[in-house]
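# A closer look at the structure
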Amino acid sequence: MTDSKYFTTTKKGEIFELKAELNSDKKEKKKEAVKKVIASMTVGKDVSALFPDVVNCMQTDNLELKKLVYLYLMNYAKSQPDMAIMAVNTFVKDCEDPNPLIRALAVRTMGCIRVDKITEYLCEPLRKCLKDEDPYVRKTAAVCVAKLHDINAQLVEDQGFLDTLKDLISDSNPMVVANAVAALSEIAESHPSSNLLDLNPQSINKLLTALNECTEWGQIFILDCLANYMPKDDREAQSICERVTPRLSHANSAVVLSAVKVLMKFMEMLSKDLDYYGTLLKKLAPPLVTLLSAEPELQYVALRNINLIVQKRPEILKHEMKVFFVKYNDPIYVKLEKLDIMIRLASQANIAQVLAELKEYATEVDVDFVRKAVRAIGRCAIKVEQSAERCVSTLLDLIQTKVNYVVQEAIVVIKDIFRKYPNKYESVIATLCENLDSLDEPEARAAMIWIVGEYAERIDNADELLESFLEGFHDESTQVQLQLLTAIVKLFLKKPTETQELVQQVLSLATQDSDNPDLRDRGYIYWRLLSTDPVAAKEVVLAEKPLISEETDLIEPTLLDELICYIGTLASVYHKPPSAFVEGSRGVVHKSLPPRTGSSESAESPDTAPSGVQAPEQPAVIPTQGDLLGDLLNLDLGPPVSGPPMATSSVQMGAVDLLGGGLDSLMGDESEGLRSDVGGSPAMGGGGSGGGSFAAPSTAAPANLAAPLGSGLGDLFDLTGGVGTLPGSYVAPKTVWLPAMKAKGLEISGTFSRQVGSISMDLVLTNKALQVMSDFAIQFNRNSFGLAPAAPLQVHAPLAPNQSVEISLPLNTVGSVMKMDPLNNLQVAVKNNIDVFYFSTLYPLHILFVEDGKMERQMFLATWKDIPNENEAQFQIKDCSLNADAISSKLQGSNIFTIAKRNVEGQDMLYQSLKLTNGIWVLAELRIQPSNPSFMLSLKCRAPEVAPYVFQAYETVLKN
Amino acid sequence: MIHSLFLINASGDIFLEKHWKSVVSRSVCDYFFEAQERASEAENVPPVIPTPHHYLLSVYRHKIFFVAVIQTEVPPLFVIEFLHRVVDTFQDYFGVCSEVMIKDNVVVVYEVLEEMLDNGFPLATESNILKELIKPPTILRTVVNTITGSTNVGDQLPTGQLSVVPWRRTGVKYTNNEAYFDVIEEIDAIIDKSGSTITAEIQGVIDACVKLTGMPDLTLSFMNPRLLDDVSFHPCVRFKRWESERILSFIPPDGNFRLLSYHVSAQNLVAIPVYVKHNISFRDGSSLGRFEITVGPKQTMGKTIEGVMVASQMPKGVLNMSLTPSQGTHIFDPVTKLLSWDVGKINPQKLPSLKGTMSLQAGASKPDENPTINLQFKIQQLAISGLKVNRLDMYGEKYKPFKGIKYMTKAGKFQVRT
């Protein structure tokens, strides 16, 4: 008597038979038939053809039958919308049923039927159910609003359900509160701008009360919602922490981790001297440890999060090393994560224990795990200097085991140890050389070759060793080929007499017989270098290398701070911000940790505006693996160099890495001329490691020189072209940035302008309130280009009601830098005697185009070629009826300079350059066909992220 | 929230699917199958798998993959905890959670899943409440239903869901009122070659079976509550009372539940009740190796160690083993290379041992890895951490319940390296 009988089929045609049974007048038979239908549905069989027959069974007082029909309806209504309408009447009737269970069931099922026609009928019953006397019905209705919003967002807004839902946050029943919060959170996810979950201290208090009484799932929703709140001062943060802490003892691990998120985030606001801060730190460790005794899947998620927590606050788990020791029957994904955390926690105090463990792991069965364990030993050596010797001897022991993959991994990490501690452990080279023949992986071979080349003078038979590799040169991977080339050149520079033949052989192999451009170029560079100036070659090739950094795999601090706000979410599992992977990332708001406030007083000033200002004691760190844009942007962190750019250029050229240096001498006499021209622009050497030594040139000095010329030209074109351009770039009309409704009567509209080298923000402040406004101040959040007010906001007299004042606020670009999304986003806080208001606006990029953005012709050509093709972006400018000359003059007004003009097959090609305040050059090719009002714009830039914004600037300038 | 659930058996068939929002095509599981193929064993399939439009979160229990599909950012632990709850519920309903059982009760399964989530939000996950909504199938009820035409679905409002104690149903009645508590501790330990402890910790739980009439309010106190500094409670426990008085005060759910779980990791508190003496050696150039294991009691507080099982994954190079145990039975599987020895009780006067030789592949070099020995055992009437219940009191009801408490210590992940 089990349900499996529903799966047995007869030859006659299942559907046909079921149809007959469904229409039977025996109740029992009907029910059995519906059960059969459901059973088929669950295994994915298509039984939609039975729709009318099943719906006919809906009118029944048998609750089970009703539920079964509902199940069927939810699944198939979408494919049979017209039929589904038949069910509406029964639903509406059920919503009035005296039994709350039936009412809730009806409204719940109706929400699941994703048919527009039905949703219209749903509104009235739903409104009633949201105000039902029974909390069970209210909580079901709350979720139903989220369902409806998913189907038809506009309808939900028009019907005012969102407000009703917000009211439910103050409901007396904790379950209703939790479901309302969950529904609102889900709706808010698709509406990032709406202030659906506008939390204030009163609503927070409600939530904290409900937190203690609702189910575990409700607690998760409420905690996640709390984590988005920004307490106004450290006292509020502490009181919330105190009320959240008991959740750490919950049996549900998701509750625990959500509580950890709230605490980690609000801790940021507490002063470290506080006793409570220490107590909190101590309380966080045990629940995290407990998570590790849970099922492996939970452990995995917990470990990924602990990885973040350990990076942010290592002190929490520093004594808990042992819980991360690997058990041999842990699943592999748990093993690898544990290993990672062990390294992060390794310190002088526990290194002996860690090493013993790692050595144990290196003899395990699982190859991936063994490899990672061997690597981990190397990372320990680099991280804890005192342990380096021990690590090296452990690695040597492992090499003695002669297990092939162990040896290879060991050699790769020993290379890193050499880089970190030069001239200390070279005595082991002999042992390494013994294993030369067993190496078959490219990475290990390359590492070994590097070692041989680097220490060629200490290895008697270095030439023989390298020669043996050379035999199969063409079968090697690129990595090994490049390394071999460099190693042999090093060898030659160290022992020139014996190895002339060898070096010639490798150079010809690399340059003549290879089709790999990287290899060929490197070969040519060495060749020219060696043939023109061996002394310089020695300086370049054998230059002292910078030590490798301690931990290369740390997450970059700003990203880490963002990820801490996402503890317990998918983002924390992937260690990526949600914008990087969540679908439709427009819905994602960047989260940031709250600033640490010393006292409640400072929290009221805009300095600590809750817009993501980093805690002040956090050092501004240049990301190690950041993209080029990040690097360039960060250059502005330092004060601008005021001296002439030429002075820095010679130093900078010297510091460029091997290839950069090679290029430098290859160019020979030309370079002198180039240098003076390039100035501090990163276009030349930006790809090399030397790029870090660039300082952004001050915009002021060269701008003064260029400006008169620029505007003079503008004037000239003004006459010929007859197009009225202003001296200075295009200024957009003012738009409203901050509506009066949102700012207690203060309306701000404004625009940005750039005139003769100075940027300003032109504002109109209007008082639409009934009281006088005074004490204005303005503050910008960190932004992509370091825009900051150059002077305080000066409003001379108090602003009377219905009065406006126009202000031009001068700006500079020496503020702190943080990459924004979109790039030209600017977040502003304005304060007056009433309150602090926040708004954000987008500034046109052309206000950042500096006056000395004209590149020398030759330089332009070289740079254009130098920038890789994948950095090229193409855009179409539509409906612009200007001719080439008019365009040039118009653009020049906004500091986009035309360098050359060509006419190719009847098309005008304009080559243009511009430079941003932070020294990024953008090169452009504009193709104009006389008959066609659409132009093609190709942009090339080392930081391709700016391209779309430059295009926007082009459009704005050309079309106005 | 949770979008859909797929149940997949070991051979890769999707045998049940349930959607709580719009229908997600089962082809999404192809990504899961890919990951499954890459993993060497079912246990190694990663719990979170990204696909272009969805995320798949899975747990593997009772040879079934429970794969949840989510589309937006949802806390993964939330999903995994929920999947565990699904597994527990199935087990609770059908006694065992297996493919056959689920297929046999597919309609009940479907109804239960429908009650557990609404639009992806958890609705009723307490088995007490679920059982009120949908009665678990019993042979008797099926027979009665067919005769009388009544149904499995309760038509009462699940009252517990609305009261201040949502975990307990109202109107509970028993003729024999009893409350049993089991203190069960598991030792997780890693012992190194020389016999010294690398890590050792105790995972303890107190499981309760409470069958009491009405709304009893219980308090449970311990002789040494200071042991418990890292605890997770069932929602019924009043946290404030614990914080201030170190007493567990609660209105219990009806039936079986886990009152609390705790964790003792301070090394000096964790006694290691057994030791293993081992001598496993391979000689270079010889195709024979020596194997010898002896198990003996260490700190057992005078209690007997029972149910001892020794298991060890031998290196691949081992072809066969010829061993003689002093007691119990042993099996070596030459395919999986798994040696298991069912020892039984340890008699301190005559320590059990397993001796003999291993034959290796002729001419092969000696294996690189050392086998790890996995140990299982049980000790009745002992909580190895020393935790002791002081007294159990009941308030709020007049009758006198029968109370019982049992202690047990077990090996959790107890590993000895060689």
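Here the structure is a predicted model, which means the values were calculated and not measured.

## Looking at the overall build of chain B
The helix and strand tally for chain B stands at seven helices and 23 strands. The contacts of chain B with a sequence gap of at least 6 include a subset with a gap of at least 24, amounting to 68%.

## Focus on the confidence of the model for chain B
Looking at chain B, the pLDDT average stands at 85 and 92% of residues meet or exceed 70. On the interface metric, ipTM, the complex scores 0.81, and its pTM is 0.67.

## Some remarks on the sheet that holds strand S7 (residues 825-831) of chain A
All names here are of chain A. Across the sheet, which stays open at both edges, the three strands sit in the order S4-S7-S8 with antiparallel pairing between neighbours. Across the chains shown, the open sheet's two edge strands, defined by having one partner strand only, are strand S4 (777-780) and strand S8 (836-842). Averaged over all neighbouring strand pairs, the angle between strand axes comes to 25°, with direction disregarded. As paired strands, S7 and S8 are joined by seven bridges and run antiparallel to one another. Its bridge partner lying in S8, Val 830 is registered against Phe 837.

## A look at the interface of chain A and chain B
Contact with chain A, which involves 93 residues of that partner, is made by 93 residues of chain B. Summed over the three residues of chain A that lose the most area to chain B, namely Trp 217, Tyr 328 and Leu 570 of chain A, the buried surface amounts to 9% of that side. Here chain A and chain B share 10 salt bridges between them. Between Lys 67 of chain A and Glu 115 of chain B there is a salt bridge, with the nearest N and O atoms lying 2.6 Å from each other. Its residues placed into classes, the side of chain A that touches chain B shows 50 nonpolar, 19 polar and 24 charged.

## Comments concerning the pattern of salt bridges
Evaluation of the coordinates by the stated rule reveals 51 salt bridges over all chains. With a shortest N-O distance of 3.8 Å, Glu 268 of chain A and Lys 312 of chain A are connected by a salt bridge. Separated by 44 residues along the polypeptide, Glu 268 of chain A in the loop between helix H16 (253-267) and helix H17 (275-291) and Lys 312 of chain A in helix H18 (residues 296-312) bring together distant segments of the chain. Taken individually, Glu 268 of chain A and Lys 312 of chain A each receive the classification buried, so the pair is uniform in this respect. Close ionic contact of Glu 357 of chain A with Arg 417 of chain B constitutes a salt bridge, the shortest N to O distance being 2.9 Å.

## Thoughts on helix H2 (residues 76-94) of chain B
Here H2 of chain B is 19 residues long and its end C-alpha atoms lie 27 Å apart, about the 27 Å a rise of 1.5 Å per residue gives. Looking one or two residues beyond H2 of chain B, the residue adopting positive phi is Gly 95 of chain B, at roughly 85°.

## Digging into the environment of Lys 742 of chain A
Residues and elements named next belong to chain A. One can find Lys 742 in the loop between strand S1 (735-738) and strand S2 (746-755). Assessed through its relative accessible area of 64%, Lys 742 is described here as exposed. Between the C-alpha atom of Lys 742 and that of Tyr 838, which follows or precedes it by 96 residues, the distance is 9.2 Å.

## Concerning the packing of helix H27 (residues 478-494) of chain A against helix H28 (residues 500-511) of chain A
Residues and elements named next belong to chain A. It is at 9 Å that the axes of H27 and H28 come closest, and there the two elements cross at 150°. It follows from the interaxial angle that H27 and H28 lie roughly antiparallel. For H27 against H28, the interelement crossing comes out left-handed. Across the interface between the two elements, Leu 485, Ile 488, Val 489, Leu 491 and Phe 492 of H27 pack against Gln 500, Leu 502, Val 503, Val 506, Leu 507 and Ala 510 of H28. Along the lines of polarity and charge, the residues of the contact of H27 with H28 split into 10 nonpolar, one polar and no charged.

## Examining the environment of Ala 732 of chain A
Take Ala 732 of chain A: it is sitting in the loop between helix H37 (700-721) and S1. Sequence-wise, Ala 732 of chain A and Thr 956 of chain A are 224 residues apart; in three dimensions their C-alpha atoms are separated by 8.2 Å.

## Concerning the packing of helix H14 (residues 216-226) of chain A against H16 of chain A
Residues and elements named next belong to chain A. Between H14 and H16, the least distance of the axes is 9 Å, while the angle of their chain directions is 20°. In terms of their interaxial angle, H14 and H16 are classed as roughly parallel. Crossing angle aside, the handedness with which H14 passes H16 is left-handed. Residues Glu 216, Gln 219, Ile 220, Leu 223, Asp 224 and Leu 226 of H14 pack against Ala 254, Val 255, Ser 258, Ala 259, Lys 261, Val 262 and Phe 266 of H16.

## Comments concerning the sheet that holds strand S15 (residues 288-297) of chain B
All names here are of chain B. Read across the sheet, four strands follow the order S14-S15-S20-S17 without closing on themselves; strand pairing throughout is antiparallel. Each having just a single partner strand, strand S14 (274-282) and strand S17 (318-325) make up the two edges of the open sheet. Looking at each pair of strands side by side, their axes are set apart by 15° on average, direction ignored. Here seven bridges tie S15 to strand S20 (residues 353-360), and the two strands are oriented antiparallel to one another.

## Brief notes about the pairing of S15 of chain B
For S14 of chain B and S15 of chain B, the ladder comprises nine bridges, and the chain directions are antiparallel. By the bridge assignment, Val 274 of chain B is partnered in S15 of chain B with Pro 297 of chain B.

## Looking at helix H25 (residues 442-454) of chain A
All names here are of chain A. Between its first and last C-alpha atoms H25 spans 18 Å; for 13 residues at 1.5 Å apiece the expected length is 18 Å, and the two agree. The buried fraction of H25 is high, at 11 of 13 residues. Where H25 is concerned, the buried positions are Ala 444, Arg 445, Ala 446, Ala 447, Met 448, Ile 449, Trp 450, Ile 451, Val 452, Gly 453 and Glu 454. Looking at the buried side of H25, the elements it contacts are helix H23 (404-420), helix H24 (429-434), helix H26 (462-470) and H27.

## A closer look at unusual backbone geometry
Residues and elements named next belong to chain B. For Lys 63, which is not a glycine, the phi torsion comes out positive at approximately 60°. Mapped onto the elements, Lys 63 comes out in the loop between strand S4 (55-61) and strand S5 (64-70). With relative accessibility at 61%, the residue Lys 63 sits in the exposed group. Despite not being glycine, Lys 337 shows a phi value in the positive range, around 65°. Note that Lys 337 resides in the loop between strand S18 (329-333) and strand S19 (338-344). Classification of Lys 337 by relative accessible area gives buried; the value is 13%.

## Describing the environment of Val 59 of chain B
Looking at the secondary structure, you find Val 59 of chain B in strand S4. Residues in contact with Val 59 of chain B, not counting those within four places in the same chain, are Glu 297 of chain A together with Ile 64, Phe 65, Phe 66, Ile 80, Leu 83 and His 84 of chain B.

## Concerning the packing of aromatic side chains
Evaluated as defined, the whole model comprises 29 aromatic pairs over all chains. Their ring planes at 85° and their centres at 6.3 Å tell us that Tyr 421 of chain A and Tyr 425 of chain A sit as a pair that is edge-to-face. On the basis of relative accessible area, Tyr 421 of chain A is assigned to the buried category, the value being 5%. Considering the side-chain rings of Tyr 574 of chain A and Tyr 55 of chain B, the 6.1 Å spacing of their centres and the 45° angle between planes classify their relative orientation as tilted. In this pair, Tyr 574 of chain A sits in helix H32 (residues 570-574) while Tyr 55 of chain B sits in strand S4, so the two residues belong to two different chains. Among the residues examined, Tyr 55 of chain B registers a relative accessible area of 8% and is labelled buried. Here a set of aromatic residues connected by ring pairs shows up, and it is made of Trp 217 and Phe 221 of chain A together with Trp 20, Phe 78, Phe 82 and Phe 121 of chain B. One cation-aromatic arrangement involves Lys 335 of chain A over Phe 369 of chain A; the distance from NZ or CZ to the ring centre is 5.1 Å.

Conventions used here
- Residues numbered from 1 in each chain as written.
- Chains lettered and ligands numbered in written order.
- Predicted model: local features only at pLDDT ≥ 70, side-chain atom pairs only at ≥ 80, totals over all residues.
- Heavy atoms only, no water.
- Helix = DSSP H or I, 4+ residues; strand = E, 2+ residues; numbered from the N terminus.
- Contact = heavy atoms within 4.5 Å.
- pLDDT = per-residue confidence, 0-100.
- Pairing = 2+ DSSP bridges.
- Axes fitted to C-alpha atoms, helices over the stretch in contact; angles between N-to-C directions.
- Buried area = accessible area lost by both parts, 1.4 Å probe.
- Salt bridge = Lys/Arg side-chain N within 4 Å of Asp/Glu carboxyl O.
- Nonpolar A, V, L, I, M, F, W, Y, C, P; charged D, E, K, R; others polar.
- Buried < 20%, exposed > 50% of the residue type's maximum accessible area, 1.4 Å probe, protein only.
- Expected span 1.5 Å × (residues − 1).
- Parallel < 35°, antiparallel > 145°, perpendicular 65-115°, else oblique.
- Left-handed = near helix turned anticlockwise from the far one by under 90°.
- Phe/Tyr/Trp six-rings, centres within 6.5 Å; stacked < 30°, edge-to-face > 60°.
- Lys NZ or Arg CZ within 6 Å of the ring centre and 35° of its normal.

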